[in-house]
Structure formats: structure tokens, C-alpha cells
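# Structural characterization, general
Take a look at the letters that make up each chain.
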Amino acid sequence: MANKVLPAWHPQADIETLHARAHLLHSIRAFFAARSVLEVETPVLSAHGTTDPYIESFCAAKPRSAHNSQAEFTHAGYLQTSPEFPMKRLLCAGSGCIYQICKVFRQEQSGRRHNPEFTLLEWYRVGFDHHDLMQEVDAFLQHTLACKPAQTISYQALFEQIMQIDPLSITHEQLVNHVDTLGILAGTADEFSHDDLLNLLFSHVIEPNLGHDRPLLVHSFPASQSALARINADDPRTADRFEAYVAGMELANGFYELADAPEQRQRFESDNRVRARAGQPEIPQDEHLLDALAHGLPDCAGVALGLDRLLMLKMQRADIQDVLAFPFQRA
Amino acid sequence: MANFSTNEFKAGLKIMLDGEPCNILENEYVKPGKGQAFNRVRIRKLISGKVLEKTFRSGESVEGADVLDTELAYLYTDGEFYHFMNNETFEQIAADEKAVGDNVKWLVENDLCTITLWNGTPITVTPPNFVELEIVETDPGLKGDTAGTGGKPATLSTGAVVRVPLFVQTGEVIKVDTRSGEYASRAQK
């Protein structure tokens, strides 16, 4: 499909795929309606962005005009990379369980599984922890993909099973040696952080094996990769975070949500310090979110799932371009 | 030579890796939901011919390789070097045994070969997809066999040995596919 040369005006996805997308959206809304989860909309354009050093936002700008003659462009805000912050503000305000289907934007290269603009399904369940939510993700995948029930495994057990290393206790030196022995990198492994190397092994060695017979839910990631998840109460080496894999592809990322405003503030600040050191733009942290968290986030778990990838799986397409009406190059 | 960032990587780009010029065959962008992005690249080392997979940190810059493909006619060998000529400029260039490698058995005078130059020096010699060579030795075939069942070995004028159908005889000129080393047909007169 990807090799077929189409004129630039022409959609990349075929008409059958457009129908499949519409059908998928319909069946997702039915899934949540049956569970009394409320559909919401939040702003795509916002004064705040993500501070995550590995996710770069697009800025929206106002072009020069008679009313705006100062500079060629003036900054108007950030396009969301995820609807997480405003959705958490709704939860803090007492919305109850909510979901959203929306466009998100990330400065990334296009690839077989990446488009800079893509559709995300994000949902939050009040009173759920990450294990409860993993069960619901399993039900969701069976509902939308008609697949077998999912298996679950911890991050640690997965590394031990596939690579015979313990990702929670391995020293940095051992990890560097391990990666260098595998010869994956063009350079040497000691230029990379511990988490970068774990991510590298995960995406290159482990991920291609996952979820071929049935979906696989991987949980209990290292605490250093907690992002916006809680640290586990029993094992502080791990975070209450999970990811879903189907047919060797990452499909969803879920958290037992961090509700602690001071800790959230610390993570924002530490992200911006990492950004400053790397010469990346510092991003204004979302004070509205911090105020909302201080007001109180109900105990909840949330998950974000890539809808374009879900459609790829449903349509058995290997390239994300083939499920988008107009991928970035044609947008 | 210019440097290339990973976001300029694409099939056909020539870069340096471990001091050896390489050709990118495939480039895939790998970005976990959280964490560092990588470019996973399938690469052919142009001197050793080895194909391998390597991963770069996205955004990293890599030195480009000054590699150029040029079409030159094979002239002769002096025993040590193989001499080629540009038919337009008449400029001559000599490739050593290492650059020619196993392809020596497909070198036919006046055939246009693709010579890959790195910093002006030949590193590989690729013969045309089809060459015509004379059979200097093969067993006489059985009369009446035209189906070419199984075939028989035949030694060609350059020393190459290929399997040919039983009906092809010593002294005939045949066309050989140099990519597979297989007999294609009798040469057109």
C-alpha cells in the first residue's frame, strides 16, 4: 500500500479504511456508554504544555497582520501532546469517570508507526487502580479487535524471561556491557542513561516479541520511568504504570494516577532542568493542574491508547500512513 | 564531507560508521511513548559488503561518506590491478584485487561496470547484470535433451563455473546472470 504512488491531493487511506475508522469510533462510544463513562472535550490549544523532555510540543502562532506588526509571528499557545492535564482538572472538579477522543500533536518524525498528528483515546476511571484498569483495557481490546483475552506480566519478569537480566537490580556498568555485547548501537552504550538503555532493550529486543497470539499487558515499570504514575506502595522500585502490546506494537500506556501536587510540581521542575541542560525550550508548567491537584484528585487510573494504531491492527496494515486519510506529508 | 542528522536518514544515504563508508538500506524511527527516540537503521558496509542493523540516538549527527558510483568500461588487468576507463573523458582508473573481489570472474573487456569510489578510490566493482562468456570446457551432453533437466557444470573463459543445460556445448557463448551466477540463455548472435 505504502508503495502505491498516489497524486498529492489524494487520500492515502482507502475508502474501506475510512468506513472501518467510523465503525471503530462508533463501537468505542458504545463501549463507554454501556459503562456510563462520560465523553468530554477539552482544549487542543493551551497556554501550557508538557514538560516531558522526550516529548516536544508544537507551538501555535499568530501571523503578522495590521493588528500584530511587532514580529513575524507571536506565540499563541501549545498544541496538546495529550489531553491529560485538562481531563484531570475535570476529575478534580467531580466529573466522575470520563473519556475523550481527540487529536494530539508531537514533534516527531513520520514513521511506520508515527505521524506528528494522531488520534488518542484517553480515559479515566474513578476508584480504579492500574490493575482494575488493565482488566478494562483487556475487555476494550476484545470488544474492538475481537481478540483473545490478554495476558499480563511484570516489566521485571519480562526482562528475566527474554533477556535473563533483572532490570531493577542490574548496575549501570552491567547494563552498558550487556548492550555493547549485543552490538545494537552505532556508538557505545556508556553515552546513554540507564533508562535510555532499558528503553532501547525494550523497544529493540523485547517489544517485537510481544502480543502476537493475544494482547500483553506489561506492568510495574521502574520507578525512574514513572512519568505521571504513582510509586508502588509495596515495592518503591516500581511505578504503578502499565503498557499494552499487540502484535509487537505499543498500543496504550496507563497509570494509577499521581495525586500529590507537591510531587507533581517537583517532577515538572526536574523535567525543565533536564530541558535547560539539553538546550531544549523550557515549558511553562500547568499551574491550573497543580491547583486542581491541591484541591484533590479522586483516586483514579487513566490510560491513553493510540486509535490510529488500533485501526492498523484491525485492518492489518503495517504502516500508519495507510489508515490516515491525509498523513502529515499530504496534510 | 557534510554531517547528516538522523532526521535526514533515508535509503541510499552514504554515511561513515566505524571508519568504513556505508549505504543506508532502511531507516526506521523508533519512539517509545515515554523516553528517548531512536533511529534503527539497516546498513550495508560498502567495503566488506556486510549488512547490519545499528541504532542511533535521534537527533545525533553522523559524518557523511564521500561515495560516488560511476560507470566505467573494463579494459584489462596487469596481474595486480584492474584498469577501467570512462568512455566519455577517456580517464582511466585502476582497482585493486580487493575492490574487484569475486566479481573478477565476470569481467569482460569493454563491458560497462559500476565502480564505487570512496574519496576517489575504487572500493567495489559491480559487473553488469548479464555478461556473455564463452564455454571453454563442458561434458558433451546427451543428444535430444532440450528440457535442461539438472544440467551440467561448464567452465567459462574467465574461470567461472556455472550450471548449463545439457544441450549447450564447448565453444558456445552463453549469457549469465552475474547476481545469481546462473545461466540465462545462449548468447544472441
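All figures in this text were calculated on a predicted structure; none of them were measured in a lab. (Residues numbered from 1 in each chain as written. Chains lettered and ligands numbered in written order. Predicted model: local features only at pLDDT ≥ 70, side-chain atom pairs only at ≥ 80, totals over all residues. Heavy atoms only, no water.)

## Concerning the overall build of chain A
As a reminder, the rule being used: Secondary structure elements are defined from DSSP: runs of H or I of at least 4 residues count as helices, runs of E of at least 2 residues count as strands, and each element is numbered from the N terminus. All radius of gyration figures rest on C-alpha atoms, and the globule criterion is 2.2 Å times the number of residues raised to 0.38. Relative accessibility thresholds used throughout: buried, under 20% of the residue-type maximum; exposed, over 50%; partly exposed, between the two (1.4 Å probe, protein chains only).
Within chain A, the secondary structure is distributed over nine helices and 11 strands. For 331 residues, the compact-globule formula gives about 20 Å, and the C-alpha radius of gyration of chain A, at 21 Å, lands near that figure. Its C-alpha atoms give chain A principal-axis dimensions of about 60 × 45 × 45 Å. For chain A, buried positions account for 54% of its 331 residues.

## Considerations on the side chain of A:Thr42
All names here are of chain A. Which entries qualify depends on this criterion: Distance and chemistry together define a polar contact, namely a pair of N or O atoms within 3.5 Å, with one atom able to donate a hydrogen and the other to accept it when in protein, and with adjacent residues in sequence counting only for side-chain atoms on both sides. Contact criterion: two residues are considered in contact whenever any of their non-hydrogen atoms come within 4.5 Å of each other.
Inspection of the secondary structure puts threonine 42 in the loop between strand S1 (38–39) and strand S2 (45–46). Of the polar contacts made by the side chain of threonine 42, one reaches the side chain of glutamine 100; its length is 2.9 Å. In this view, threonine 42 contacts Pro83, Pro86, Met87, Leu90 and Gln100; residues no more than four positions away in its chain are not counted.

## What to know about the pattern of salt bridges
Our working rule: A pair is scored as a salt bridge if a Lys or Arg side-chain nitrogen falls within 4 Å of a carboxyl oxygen belonging to Asp or Glu.
Under the definition given, this model contains 23 salt bridges over all chains. With a shortest N-O distance of 4.0 Å, B:Arg57 and A:Asp196 are connected by a salt bridge. Residue B:Arg57 is located in strand S5 (residues 51–57), and its partner A:Asp196 is located in helix H6 (residues 194–206); the two belong to separate chains. Where A:Arg267 meets A:Glu263, a salt bridge forms, and the shortest distance between an N and an O atom there is 2.7 Å. In this pair, A:Arg267 and A:Glu263 are both assigned in helix H7 (residues 261–277), four residues apart and thus about one turn of the helix distant. A residue is classified by how much of its surface remains accessible, and A:Arg267, at 15% relative accessible area, is buried. The structure contains a network of salt bridges with shared partners spanning A:Arg35, A:Arg125 and A:Glu136.

## Overview of the packing of helix H2 (residues 84–92) of chain A against helix H8 (residues 287–295) of chain A
Residues and elements named next belong to chain A. Quick note on the threshold: Axis geometry follows a simple rule: fit a line to the C-alpha atoms, using only the stretch in contact for helices, then measure angles between N-to-C directions, giving values from 0 to 180 degrees. For classification purposes, angles smaller than 35 degrees are called roughly parallel, those larger than 145 roughly antiparallel, those between 65 and 115 roughly perpendicular, and all remaining angles oblique. Helix crossings fall into two classes, left-handed where the near helix is turned counterclockwise from the far one by less than a right angle and right-handed where it is turned clockwise. Under the convention adopted here, Pro, Cys and the residues Ala, Val, Leu, Ile, Met, Phe, Trp and Tyr are nonpolar, Asp, Glu, Lys and Arg are charged, and Gly plus all remaining residues are polar.
Relative orientation of the contacting elements H2 and H8 amounts to 30°, with a least axis distance of 9 Å. Judged by the inter-axis angle, H2 sits roughly parallel to H8. Where H2 crosses over H8, the handedness of that crossing is left-handed. Contacts between H2 and H8 involve Phe85, Lys88, Arg89 and Cys92 on the former and, on the latter, His288, Leu289, Ala292, Leu293 and His295. Broken down by class, the residue content of the contact of H2 with H8 amounts to five nonpolar, two polar and two charged.

## Examining the state of the cysteines
Residues and elements named next belong to chain A. Under the convention used in this document: Pairs of cysteine sulfur atoms within 2.5 Å are what we label disulfides.
The full count for this structure, using the stated rule, is zero disulfides over all chains. Looking at cysteine 97, it has no disulfide partner, and the nearest cysteine sulfur is the one in cysteine 300, 8.7 Å off. Its relative accessible area of 18% is what places cysteine 97 among the buried residues.

## A look at the interface of chain B and chain A
Accessible area lost upon the coming together of the parts serves often as the stated size of an interface. Worth spelling out the cut-off: What gets called buried area is simply the loss in accessible area from a 1.4 Å probe that two parts show on being joined, summed for both.
Taken together, the contact between chain B and chain A spans 22 residues of the former and 25 residues of the latter. Surface buried jointly by chain B and chain A totals about 2200 Å² across both partners, of which 51% is contributed by carbon and sulfur atoms. Viewed at the interface, chain A and chain B are joined by two salt bridges. Where B:Glu28 meets A:Arg112, a salt bridge forms, and the shortest distance between an N and an O atom there is 2.9 Å. Where chain B touches chain A, the interface holds nine residue pairs in polar contact (both at pLDDT 80 or more). Mapped by element, the contributors of at least two residues to the side of chain B that touches chain A are strand S3 (20–30), strand S4 (38–45) and S5 of chain B. Examining the composition of the side of chain B that touches chain A, we find that five residues originate from one element, S5(B), more than from any other.

## Let's talk about the packing of aromatic side chains
The geometry of an aromatic ring pair comes down to the distance between the two centres and the angle between the two planes. Using the following cut-off: Stacked, tilted and edge-to-face pairs are distinguished by plane angle, under 30 degrees for stacked and over 60 for edge-to-face with tilted covering the rest, among Phe, Tyr and Trp rings (Trp via its six-membered ring) whose centres lie within 6.5 Å. Here, a charge over a ring is recorded when the distance from Lys NZ or Arg CZ to the ring centre is within 6 Å and its angle to the ring normal is within 35 degrees.
Counted under the stated rule, the structure contains 16 aromatic pairs over all chains. Between the aromatic rings of A:Phe31 and A:Phe32, the centroid separation amounts to 5.1 Å while the plane-to-plane angle is 90°, which identifies the pairing as edge-to-face. Measuring from ring centre to ring centre gives 5.4 Å for B:Tyr74 and B:Phe84, while their planes differ by 55°; the resulting arrangement is tilted. Residue B:Tyr74 is located in strand S7 (residues 67–77), and its partner B:Phe84 is located in strand S8 (residues 81–85); the two are separated by 10 residues in the primary sequence. Here B:Tyr74 and B:Phe84 have matching classes, each one buried. An aromatic cluster is present here, built from A:Phe31, A:Phe32, A:Tyr99, A:Trp123 and A:Phe140 joined pairwise through their rings. Just above the ring of A:Phe31 sits the side chain of A:Arg35; from NZ or CZ to the centre is 3.9 Å. Here the guanidinium or amino end of B:Arg57 rests over the ring plane of A:Phe192, the centre of that ring lying 4.0 Å away.

## Quick notes on unusual backbone geometry
A positive phi angle, near 50°, is found at A:Ala247, a position not held by glycine. The topology assignment puts A:Ala247 in the loop between strand S9 (238–246) and strand S10 (249–256). For A:Ala247, a relative accessible area of 36% puts it in the partly exposed group. Of note, B:Phe90 is a non-glycine position whose phi angle comes to about 65°, a positive value.

## Observations concerning helix H5 (residues 172–182) of chain A
Residue and element names in this part refer to chain A. Using the following cut-off: To obtain the arc, one takes the directions from the helix axis to the C-beta atoms.
Within the span of H5, buried status applies to Leu175, Val176 and Val179. All buried residues of H5 project into a common sector of 100° when viewed along the axis, lining one side. Among the exposed residues of H5, those pointing more than 90 degrees away from its buried face are Glu173 and Thr181. The inward-facing, buried residues of H5 contact H6.

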